[in-house]
Amino acid sequence: MSAWLRIWTIAINTLREAVRNKLLYTLLFFAIALIGFGVILSTLSYVESERILQDFGFAGIRLFSVAIAIFVGVSLIHREVDRRTVYTILSKPLSRAEFLLGKYVGLLVTIWLQAAIMIGFFVVVSIGTGAPLTAAHAVAFGLAAVELAVIVAVATLFSAFTTPMLASFFSVGIWALGHSTRELRDIGASSESVSIQQATALFHRVMPDLESFNFSIQAAHGLAFAASDVWLPVAYGLGYVGILLVAAVAIFERRDLR
Amino acid sequence: MQSEAREIIRIENIVKDFRPGFGVRRKRILHGITFSVREGEIFGFVGPNGAGKTTTLKILMGLIRATSGDARILGHAVHETEFRRQIGFLPENPYFYTYLTGREILEFYARLSGVPAAARGERVASLLEWVGLTDAANARLQTYSKGMLQRLGIAQALVHDPKVVFLDEPMSGLDPIGRVEIRDLILRLRSEGKTVFMNTHILHDVEMVCDRVAIIVKGRIRYEGGVGDVVGGGDDGVDVVIANLAAEHATRISEHFEAPLRGVGDRIELRFAAKQTDEAVRMALDAGGSIVSVSPHRDSLESVFLTAVGQGTLAKGVSGSGR
């Protein structure tokens, strides 16, 4: 059996756990309710009602997907160790790296499926209200999926060595900073202090630049975009995920599973 | 014959230190332990709580790393992955994904263990039958009793038909029926030619199923040898229980044969050397006593164990090598 099949076996089982977890259905319900609320809100506006509808939709999808990713991701590895389910699994011919990657892939597929359900609802609502759907919308959803891959990797990394509580703080912190790192860099650039300029520039380079995956404005306004606007963030996101997962595996490989 | 059997597990000078927390001094759990397990035997790894049994087993399973020393299973370093096709592991109080059914979890483990898809269904069904869980196969694990989970744990350890099976406290927390069931399963493993390594602190179970035993106390091996050597070997004398014997006769016989005397209610017990027994019994009968029982004396594993942990008085068989 190849390593890929073993990773996929863990991934499928992680997906199955999520499918049987009622709490995730509740979160999904609230996400869809938020998109539905956007419909009501848009009917109250005389101007740009379609934009309000889609802004709400984008925000709902991104926010709830990230919330679910962090909520589940922070305990992804920790819970397996804490509940000792990992003991029997790692006694099989399966490396720790394969186990961790399987858990990551399984959670990511779960989050993507949930996001797909929300997007499906968004599309139905948009079509129903006559709001435009363009290629930019597809790009926006695609880049949101890449952002989710980064967030799940961040949560997985922290889950590999700390408690869900601390991992939640760290993951939410990185998500919040990841969305402000560009602004911080720009503010730093306008500073007269060279050290502040360098510090904010370094911070921008090290932290995940999650705003690079935010394509919702282009989508909602129907703005034109170049191919590099798509593949550059995708390459950046995949590279970042790779680094995070290598770090997570390195830490998990060295851990004593007591 | 046993000494010629191949070594399946080899633990050599294993040391394990844990740091309980940041800034806290390291604590040594295992002090350079050494022992081996041979092919086809049921090996009992015995010790009181906190002696280092589970730590040793976790090192063997690659769950924790030894600070120093060498641990090998079937000649492979324990951190390797591929050789685990040949080993099975039942942890203490096994935990499984409770959202799965018995059949689903065994299929999951079978897939991970590389059991071919064509053979998987049949293998899982036969194992469920083997551990008596066929009727509960499609129930979720959250509805299983502790005994059922333990049997399922054994099934998952065997799902890929391993050569070596590791069991951590397989009978702890089970009711008498559950213990008998698990004991029977372990004996069936031996009859199928598997090597079994069993962590336990229940000495009766060790006496019932194990061929050899190692006793670990405070991270040091205090005894390693055959269970038969402990509980059955050697001339340890004969215990004779006598009733209705006057005290002066009892003392006289005891002094004559230099036999230790113990009072047991209105009866006395004397331990004679085997060759003295006939004469001693005749003397007791002549003095008006009645013989209640005559039985060869055997040290129990318990007495060896208590000596090893420093709470007993009998020293026989304890090799105190600190290995």
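All values reported here derive from a predicted model rather than from experimental measurement.

Draft legend 1. Just the overall build of chain A, in detail. For chain A, the helix and strand inventory stands at twelve helices and zero strands. Each helix (α) and strand (β) of chain A, taken in turn from the N terminus, gives the series α-α-α-α-α-α-α-α-α-α-α-α. Along the longest, intermediate and shortest principal axes, the C-alpha atoms of chain A span 60 × 50 × 35 Å. Summarising the internal contacts of chain A: among those between residues at least 6 apart in sequence, 80% fall at separations of at least 24.

Draft legend 2. Looking closely at the overall build of chain B. Helix and strand content of chain B: ten helices and 14 strands. The dimensions of chain B, computed from C-alpha atoms along their principal axes, are 75 × 50 × 40 Å. The buried share among the 323 residues of chain B stands at 41%. Contacts in chain B between residues at least 24 apart in sequence constitute 69% of all its contacts with a sequence separation of at least 6.

Draft legend 3. Representation of helix H10 (residues 301-308) of chain B. Along H10 of chain B, six of the eight residues are buried, which leaves the element largely enclosed by surrounding structure. The first or second residue beyond H10 of chain B is Gly 310 of chain B, which carries a positive phi of 85 degrees.

Draft legend 4. Looking closely at the sheet that holds strand E4 (residues 68-73) of chain B. Residue and element names in this part refer to chain B. Spatially, the four strands line up as an open sheet ordered E2-E1-E4-E5, and their pairing is antiparallel. Of all the strands in the sheet, just strand E2 (27-38) and strand E5 (76-77) have a single pairing partner and so form its edges. Taken together, the five bridges between strand E1 (residues 7-18) and E4 define a ladder with antiparallel strand orientation. If you follow Ile 9 over to E4, its bridge partner there is Ile 73. Most of the contacts of helix H1 (residues 53-60) go to E1, to which it runs at about 115 degrees, and overall it touches E1, E2 and E4.

Draft legend 5. Just the interface of chain A and chain B, in detail. In this assembly, 21 residues from chain A lie in contact with 24 residues from chain B. For the side of chain A that touches chain B, the secondary-structure elements that each account for two or more residues are helix H1 (3-19) and helix H5 (85-90) of chain A. Looking at the side of chain A that touches chain B element by element, the count peaks at five residues for H5 of chain A. Class assignment for the residues of the side of chain A that touches chain B results in seven nonpolar, six polar and eight charged.

Draft legend 6. Structural context of the packing of helix H3 (residues 49-73) of chain A against helix H6 (residues 96-129) of chain A. All names here are of chain A. Where H3 meets H6, the axes come as close as 10 Å, and the angle between the chain directions of the two elements is 165 degrees. As far as their axial angle goes, H6 and H3 are roughly antiparallel. Regarding H3 and H6, the two cross each other, and that crossing is right-handed. Packed against H3, whose contacting residues are Glu 50, Leu 53, Gln 54, Gly 57, Gly 60, Ile 61, Phe 64, Ser 65, Ile 68, Ala 69, Val 72 and Gly 73, the element H6 presents Leu 107, Ile 111, Gln 114, Ala 115, Met 118, Ile 119, Phe 122, Val 125, Ser 126 and Thr 129 at the interface. Partitioned by chemical class, the residues of the contact of H3 with H6 number 13 nonpolar, eight polar and one charged.

Draft legend 7. Summary view of the packing of H6 of chain A against helix H12 (residues 228-254) of chain A. All names here are of chain A. It is the contact of H6 with H12, at a shortest axis distance of 9 Å, that shows an interaxial angle of 135 degrees. Considering the angle they form, H6 stands oblique to H12. Taken as a pair, H6 and H12 cross one another with a handedness that is right-handed. Taking contact as the criterion, the partners of Arg 96, Ala 97, Leu 100, Leu 101 and Tyr 104 in H6 are, on H12, Leu 245, Ala 248, Val 249, Phe 252 and Glu 253. Across the contact of H6 with H12, the residue classes break down as eight nonpolar, no polar and two charged.

Draft legend 8. Looking closely at the sheet that holds strand E7 (residues 164-168) of chain B. Residues and elements named next belong to chain B. Strand order in this open sheet of six strands is E6-E7-E8-E3-E9-E10, and the pairing throughout is mixed. Both edges of this open sheet fall to strand E6 (87-90) and strand E10 (220-226), since each of them pairs with a single strand only. Each adjacent strand pair in this sheet contributes to an overall mean axis angle of 15 degrees, direction not counted. Contacts from H1 reach strand E3 (42-46), E7, strand E8 (195-200) and strand E9 (212-217), with the element oriented near 145 degrees to E7.

Draft legend 9. Fine view of the environment of Arg 6 of chain A. The residue Arg 6 of chain A is located in helix H1 in this model. Between the alpha carbons of Arg 6 of chain A and Glu 98 of chain A there is a distance of 6.9 Å; along the sequence they are 92 residues apart.

Reading the values: the criteria
Note on numbering: residues in each chain are counted from 1, in written sequence order. The lettering of chains begins at A and the numbering of ligands begins at 1, in the order of writing. Thresholds applied to this predicted model are a pLDDT of at least 70 for local features of residues and 80 or more for the giving and counting of side-chain atom pairs; totals over whole chains, interfaces and linings are not thresholded and use all residues. Labels follow the DSSP assignment, with helices taken as runs of H or I lasting at least four residues and strands as runs of E lasting at least two, numbered in each case from the N terminus. We call two residues in contact whenever the C-beta atoms placed from their backbones are within 7 Å. Neighbour counting defines burial: a residue surrounded by 20 or more other C-beta atoms within 10 Å of its own C-beta is buried, one with 12 or fewer is exposed, and intermediate counts give partly exposed, using backbone-placed C-beta atoms. Strand pairing follows a simple DSSP-based rule, namely that at least 2 bridges must link the two strands. Here the axes come from fitting lines to C-alpha atoms, over the contacting stretch only for helices, and the angles between their N-to-C directions go from 0 to 180 degrees. Residues are grouped as follows: Ala, Val, Leu, Ile, Met, Phe, Trp, Tyr, Cys and Pro are nonpolar; Asp, Glu, Lys and Arg are charged; all remaining types, including Gly, are polar. Under this scheme an angle from 65 to 115 degrees is roughly perpendicular, one under 35 degrees roughly parallel, and one over 145 degrees roughly antiparallel; angles in between are oblique. Left-handed describes a crossing in which the near helix is turned anticlockwise from the far one by less than a right angle; the clockwise case is right-handed.

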